[in-house]
Amino acid sequence: MISSAFRNAWTDIKKLKHEPVLAIMIAAVILSTSYFVVWPIAKVVGYPKAADYLQLLTNARWFQAALNSLFMTVISTLSCTAVAFLFAYAVARLDVPLKGLFRFITLLPIVSPPFIVALSYILLFGRQGLISQRLLHLNIDIYGWQGLWLVQTITFFPYAYAVIYGVMKFASVQLEYAACNLGATRWQAFRHIFLPLCRPGIAGGALIAAMNVLADFGNPMIIGGNFTLLPTEAYMQMSSWFDLSSASVLSTALLLPAVTIFFVNRVWVGKRSYVTVTGKASGLRPYPVPFAVKWGLFACCLLISLFVLTVYGVLFYGAFTKTWGYDWSFTLHNLKYVSAKGPELYNSIRYALFASLAAVAFGMVLAYLVQRRQTGVNRLIDLLAILPGAVPGVFLGLGFALAFNQPPVELSGTSAIMVLALLFWNLPACYSACLAGLQQIGKSLDEASLNMGAGSFGTFRFVLLPLLRGPLLSALSVSFLRSVTCLSVIIFIYSVHTAVGTVSILSLVQSGIWGGASAFTAVLISLAFAVLAASRWIPAILNRRKPS
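Source: prediction; values computed, not measured. (Residues numbered from 1 in each chain as written. Predicted model: local features only at pLDDT ≥ 70, side-chain atom pairs only at ≥ 80, totals over all residues. Heavy atoms only, no water.)

J.: Would you mind going over the overall build of the protein with me for this structure?
T.: Within the protein, the regular secondary structure consists of 24 helices and two strands. Along the three orthogonal principal directions, the C-alpha set of the protein runs to about 75 × 70 × 55 Å. For the protein, the computed accessible surface area is about 25600 Å², with 66% contributed by carbon and sulfur atoms. The distance from the centre of the 37 positive side-chain charges to the centre of the 15 negative ones in the protein is 10 Å. (Helix = DSSP H or I, 4+ residues; strand = E, 2+ residues; numbered from the N terminus. Areas by Shrake-Rupley, 256 points an atom, 1.4 Å probe, with all protein chains shown as cover. Lys, Arg positive; Asp, Glu negative; His and termini not counted. Charge placed at Lys NZ, Arg CZ, Asp CG, Glu CD.)

Have a look at this one:
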């Protein structure tokens, strides 16, 4: 079977000699993706000597950091998945009020820098916290793994929610009705019918949450305290001692579980059939749940929502407070940090804009080659396109720092390295969105266009691109938001002239200038919501202009 697959692939490759333009395009795509994805990975893995890797076992601090990373990943993944399932079930299956609020709550952490929840947690429960000191007059220490666990849960459960809700929304209602009509209790129908139908979504959401928690850098840096993790240890090695070898060892240790999680995700979720999506319309409402369960779940969602609103509300409150914990009077003074950091804010916007536009364009080309053309290297292109998704942001940033700090391609300290790093970090998301969009478009449209003499480019330009407008805009907005709020990818490659907003916020937090950090964050969140609103407003305007 393998030899047959190779023969078929080789036959497709030989056909490319009749399409030189396509062959050149494929070669350029493979070479550029390999150079900016595989080469940085190889540089990080190959930079330390073999003896350096043994320190992972002999260095007690590093060994403990690795154990802590695994421990935090496990407990945070469990709590993220549980909260995400709770919200998804309430929104998708229960007839309760405030669903709009619950959806907003699951969106808020995504459009803000990931470490902002940690900052808010300190503002609420720190030694000068609004609740701990102001209301309860307590002197408590919120730093450590418990505080980090709570912060990671609030920060990353929306990512798991998006996957679980997508599956739960289309879970078959008829099967639950059938089970109950045959004598099953409500609990039995939930346990043996509904829960197995949601299993792919639960697994996918859990694994995505695990990937984010494992690679997170900002929250552990701010609130971890003495609870060391691999990403923060790698950063300390670079920032304090400029020890590239040790940073590479720690980043590579981070890569191993990340790659394992990623491929488990691909095998477990990607190969599963979502048999709940039948395409048949159903007028049945979700099977009713007991009164106490319904309102108990609603109360849990409401409490979590209030907590999240408090977390983000305190940021805006802190942005207009003179001195947090001491002088609560209103001021616009903190906005001076935003104006003083105008160049960093400008860098955030332009890097995110260029990177997201390029990622969408590149992802579109890759998806077209994989989905629409038989080139013999489709699987290779697919692997190169999704590979950055298996690499933690810290690892990718370190790889760029090592790979492009000397000729022939020396990019250190330039804007180009910032854009390229963000581009390839966002490539898997853009590629997946474009690929999913193309899979929904029948190939008969291509054939009809070609038969009418439009040519390949004309078919792509006038048939496929208009139909892909929705996925492209979605990928563009998500990519832009991720780039604006990103810290882990650029923490090793920014310079004085290329610093971005998230770096400035982290610097303000580490300097204890919480009011300035809050003001800067409020501006970034407002900017993110403006982009989200525009991404929904533009398609609506374009649809209204369509001839009826």
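J.: Explain the pattern of salt bridges to me, please; I cannot follow it from the model alone.
T.: Inspection of every chain in the model, using the stated rule, returns three salt bridges. As a salt-bridge pair, Glu176 and Arg93 come within 2.1 Å of each other at their nearest N and O atoms. With a gap of 83 residues between them, Glu176 in helix H9 (residues 173-181) and Arg93 in helix H4 (residues 60-93) connect regions that are remote in the sequence. Both residues of the pair, Glu176 and Arg93, count as buried. Between Glu176 and Arg186 there is a salt bridge whose closest N-O contact spans 3.1 Å. Note that Glu176 is positioned in helix H9 and Arg186 in helix H10 (residues 186-215), a separation of ten residues in sequence. Residue classification places Glu176 among the buried positions, given a relative accessible area of 1%. Residue classification places Arg186 among the buried residues on the basis of a relative accessible area of 18%. When salt bridges with common partners are traced through the structure, they connect Arg93, Glu176 and Arg186 into a single cluster. (Salt bridge = Lys/Arg side-chain N within 4 Å of Asp/Glu carboxyl O. Buried < 20%, exposed > 50% of the residue type's maximum accessible area, 1.4 Å probe, protein only.)

J.: Would you mind going over the packing of helix H17 (residues 378-386) against helix H19 (residues 415-439) with me for this structure?
T.: When two helices pack together, their arrangement is given by the angle between their axes and by how far apart the axes lie. In contact at an axis separation of 7 Å, H17 and H19 are set at 125° when each is read in the N-to-C sense. Taken together, the axes of H17 and H19 are oblique relative to one another. Residues Asp382, Ala385 and Ile386 of H17 pack against Leu427, Pro428 and Tyr431 of H19. When the residues that make up the contact of H17 with H19 are grouped by side-chain class, the tally is five nonpolar, no polar and one charged. (Axes fitted to C-alpha atoms, helices over the stretch in contact; angles between N-to-C directions. Parallel < 35°, antiparallel > 145°, perpendicular 65-115°, else oblique. Contact = heavy atoms within 4.5 Å. Nonpolar A, V, L, I, M, F, W, Y, C, P; charged D, E, K, R; others polar.)

J.: Could you clarify how one ought to interpret the side chain of Thr521 in this entry?
T.: Tracing the chain through its elements places Thr521 in helix H24 (residues 514-544). Polar contacts involving the side chain of Thr521 include one to the main-chain carbonyl oxygen of Ala517, which spans 2.7 Å. (Polar contact = N/O pair within 3.5 Å; in protein donor to acceptor, adjacent residues only side chain to side chain.)

J.: For this particular structure, what's the right way to read the packing of aromatic side chains?
T.: Geometry of an aromatic ring pair is reported as the spacing of the ring centres plus the angle between the planes. Evaluated as defined, the whole model comprises 25 aromatic pairs. Centre to centre, the rings of Phe36 and Phe404 are 5.3 Å apart; their planes meet at 40°, and the pair counts as tilted. Taken together, the positions of Phe36 in helix H2 (residues 20-46) and Phe404 in the loop between helix H18 (393-403) and H19 put the pair 368 residues apart, joining distant regions of the chain. Here the two residues Phe36 and Phe404 agree in accessibility, since each one is buried. Measuring from centroid to centroid gives 6.0 Å for Tyr89 and Phe190, while their planes differ by 85°, and the two rings are edge-to-face. Of this pair, Tyr89 sits in helix H4 while Phe190 sits in helix H10; the two residues are 101 residues apart in sequence, bridging distant segments of the chain. The exposure classification of Tyr89 matches that of Phe190, with both residues buried. Site record: aromatic cluster; members linked through ring pairs are Tyr35, Phe36, Phe362, Phe400, Phe404 and Phe424. Above the face of the Tyr337 ring, Lys336 is positioned so that its terminal group lies 5.2 Å from the ring centre. (Phe/Tyr/Trp six-rings, centres within 6.5 Å; stacked < 30°, edge-to-face > 60°. Lys NZ or Arg CZ within 6 Å of the ring centre and 35° of its normal.)

J.: Would you explain the nonpolar core in this entry?
T.: A general feature of soluble globular proteins is that nonpolar side chains tend to end up buried together. Phe87, Tyr312, Phe400 and Phe424 are the most contacted members of the largest nonpolar core, which has 149 residues in total. Residue contributions to this core peak at 15 residues, all from H19. Residues Leu207, Ala234, Ala253 and Ala258 belong to the second largest nonpolar core, which totals 16 residues. (Core = buried A, V, L, I, M, F, W, Y, C linked by side-chain atoms within 4.5 Å.)

J.: When you look at the side chain of Ser479 in this model, what are you seeing that I'm missing?
T.: Locating Ser479 in the fold gives a position in helix H22 (residues 469-484). Apart from residues no more than four positions distant in its own chain, Ser479 is found in contact with Ser356, Ala359, Asn426 and Cys430.

J.: Is there a simple way to explain unusual backbone geometry in this structure?
T.: For residues besides glycine, phi is generally negative; the peptide bonds are generally trans as well. The linkage connecting Pro407 with the following residue, Pro408, adopts the cis geometry, with an omega of 15°. Looking at the element boundaries, Pro408 is found in the loop between H18 and H19. At Leu98, a residue that is not glycine, the phi angle is positive and equals roughly 65°. Its place among the elements puts Leu98 in the loop between H4 and helix H5 (99-107). Leu98 sits in the partly exposed class, given a relative accessible area of 42%.

J.: What is the right way to read the environment of Leu357 from this model?
T.: Assignment of secondary structure puts Leu357 in helix H16 (residues 342-372). Along the sequence, Leu357 and Leu472 sit 115 residues apart, while their C-alpha atoms lie 9.7 Å from each other.

J.: Sorry if this is basic, but what is going on with a nonpolar patch on the surface here?
T.: A surface patch of nonpolar side chains, about 350 Å² in accessible area, is lined by Phe104, Leu303, Leu306 and Leu309. Among the elements that take part in the nonpolar patch, helix H14 (residues 291-319) stands out by supplying three residues, more than any other. Since its relative accessible area comes to 60%, Leu303 is described here as exposed. (Patch = residues over 30% accessible without salt bridge, like charges linked within 9 Å, V, L, I, M, F, W, Y side chains within 5 Å.)

J.: Quick question: what am I supposed to make of helix H23 (residues 501-510) here?
T.: Two residues of an α-helix separated by three or four positions point the same way, owing to the 3.6 residues in each turn. The element H23 is largely enclosed, with a buried count of eight among its ten residues. All of the buried residues along H23 are Gly501, Thr502, Val503, Ser504, Ile505, Leu506, Leu508 and Val509.

J.: Please explain the packing of H18 against H19 as it appears in this structure.
T.: It is at 11 Å that the axes of H18 and H19 come closest, and there the two elements cross at 140°. By the angle class used here, H18 and H19 are oblique. Like other packed secondary-structure pairs, H18 and H19 cross with a definite hand, here right-handed. Touching Gly393, Leu396 and Phe400 of H18 are Ile417, Leu420, Ala421, Phe424 and Trp425, all from H19. (Left-handed = near helix turned anticlockwise from the far one by under 90°.)

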